[in-house]
Amino acid sequence: MTGAQKFLPKRRPGLIFHAALIILVLAGVTFLLLMAFGQPGGLSLILYLAGALLLLATLPFLAYRGYALLHAYYELERDGLRIRWGLRSLDIPITEVEWVRPPEDLLIPLKIPGFSTPGAILGESSHPDLGNIEFIASSAQNLVIVATMNQVVILSPDEKDEFIQRFNRTIEMGSLSPIAPHSAVPAVFLRQVTSDRLARVLIPLGFGLWFALLVLVSIVIPGRSAISIGYDPTGLPLEPVPASRILMLPILGILLYLVSLVGGAYIFRKDATRPVSYLLWAGGVIAPFLLIVATILFLS
């Protein structure tokens, strides 16, 4: 056996679950924004917008988990095992694997990590016999334990029995040129982003400007019943509309900020494309600044 074989985790339940959550979050954001548009201003307006913002902030997390599951796989080859799950990647040389077996062989059941959901059983747990273990799985019904010299990982290939049989045959055959060990975790990536000098300036600055825009709008709305938010082709102001309509500006601002934040973080993974990340994060600063200028012009 020399070729590599990919084993996929069970995807459909997890993808359906995360898609349903995303739809619910979008519905909640829409409801809160509609309620905010109906407020005359003040604390109630800020609370509705804050609630919409909190819900909106969960979308990148849910989208990432769905994306990671959709592209996740376990690749078994003669020289080792390669695991890919979003930003988490792990290469295990076959010479470091001690045994592979189902969790049913254990006397004490495995403890699923906290905050696990269908399609995303991720994180670390502890076991009296195995010590610290890491879950990189999607389904609690297809778990497989892979014990190495340095760690224990829990996987969930859809074809569980075939994965175990093929893995054990691979261990018996051995390898003359095992793959190099490799491990990358999302926490390390996030530390790389937060340790970058430009990122530490651009990301908070963009959010700070958006928050200033939100405060400015919440101050303006109670003092005005109507406001003109544009000009016709002849340069004359458009007919005034309810002042709550300028809530579109902070909503547009946070959407642009999230796009620049997530897009910049995604591209930041590779050194060659990091200048593009800086441009996206700079766009997250420029957009709310221009919207603040637009709000001031509307008031003049």
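In this report, we go over the structure that sits alongside the text. In this text the structure is predicted, and so the values were computed from the model without any measurement.

Here we take up the overall build of the protein. Counting secondary structure elements, the protein contains 7 helices and 12 strands. Taken across its 300 residues, the protein has 41% of its residues classed as buried. Partitioning the contacts of the protein with sequence separation of at least 6, the portion at a separation of at least 24 is 61%. Carbon together with sulfur atoms contributes 67% to the accessible area of the protein, which is approximately 15900 Å² in total.

Note that side chains of opposite charge can pair when their charged atoms are close. Throughout the structure, instances matching the rule amount to 7 salt bridges. When the shortest N-O distance is used, the salt bridge between R84 and D91 registers 2.8 Å. On the accessibility criterion, R84 (22% relative accessible area) is partly exposed. Given the relative accessible area of 8%, D91 is considered buried. Three or more residues are tied together by salt bridges with common partners; here these are E77, R82, R84 and D91.

On to the packing of aromatic side chains, then. Tallied over the entire structure, the rule returns 9 aromatic pairs. Between Y74 and F163 the ring centres are 6.3 Å apart and the planes differ by 55°, which places this aromatic pair in the tilted class. With Y74 in strand β2 (residues 73–77) and F163 in helix α3 (residues 160–173), the pair connects residues that are 89 residues apart, well separated along the chain. Here Y74 and F163 have matching classes, each one buried. Its guanidinium or amino end placed over the ring of Y73, K6 lies 4.2 Å from that ring's centre, counting from NZ or CZ. The ring of F268 carries the charged tip of R274 above its face, separated from the ring centre by 4.1 Å.

Attention now moves to the side chain of S260. Position of S260 among the secondary structure elements: in helix α6 (residues 248–267). Look at S260 and you get buried, because its relative accessible area is 6%. Beyond its immediate sequence surroundings of up to four residues, S260 is in contact with L280, W281 and G284.

For the rest of this paragraph, the subject is the environment of P181. Note on placement: P181 falls in the loop between α3 and β10 (182–184). Along the backbone, P181 and I92 are 89 residues apart, and their C-alpha atoms lie at a distance of 5.3 Å. If we skip the residues at most four places from it in the chain, P181 touches D91, P93 and E96.

Let us look at the pairing of strand β3 (residues 80–85). The sheet contact formed by β2 and β3 spans 5 bridges and is antiparallel. Residue pairing in the sheet places E77 in a bridge with G80 of β3. Counting the residues that bridge the hairpin from β2 to β3 gives 2 residues. Where β3 meets strand β4 (residues 88–93), 6 bridges bridge the pair, whose relative direction is antiparallel. Residue pairing in the sheet places W85 in a bridge with R88 of β4. Between β3 and β4, which pair antiparallel in sequence order, lie 2 residues; one of them, G86, sits at a positive phi of approximately 65°.

Here the focus is unusual backbone geometry. Of note, F115 is a non-glycine position whose phi angle comes to about 65°, a positive value. By the element assignment, F115 lies in the loop between β5 (97–101) and β6 (121–127).

Right, let's get into the nonpolar core. The biggest cluster of nonpolar side chains holds 35 residues, and the ones touching the most others in it are L49, V193, L247 and W281. Residue assignment for this core shows that the elements contributing at least two residues are α1 (12–37), α2 (43–70), α4 (186–195), α5 (197–220), α6 and α7 (274–299). The biggest single contributor to this core is α5, with 9 residues. Apart from the residues lying within four places of it in its own chain, the contact partners of V193 are A199, I203, F268 and W281. L69, L76, I136 and L155 belong to the second-largest nonpolar core, a separate cluster that totals 22 residues.

Scoring rules and cut-offs
Residues numbered from 1 in each chain as written. Predicted model: local features only at pLDDT ≥ 70, side-chain atom pairs only at ≥ 80, totals over all residues. Heavy atoms only, no water. Helix = DSSP H or I, 4+ residues; strand = E, 2+ residues; numbered from the N terminus. Buried < 20%, exposed > 50% of the residue type's maximum accessible area, 1.4 Å probe, protein only. Contact = heavy atoms within 4.5 Å. Areas by Shrake-Rupley, 256 points an atom, 1.4 Å probe, with all protein chains shown as cover. Salt bridge = Lys/Arg side-chain N within 4 Å of Asp/Glu carboxyl O. Phe/Tyr/Trp six-rings, centres within 6.5 Å; stacked < 30°, edge-to-face > 60°. Lys NZ or Arg CZ within 6 Å of the ring centre and 35° of its normal. Pairing = 2+ DSSP bridges. Core = buried A, V, L, I, M, F, W, Y, C linked by side-chain atoms within 4.5 Å.

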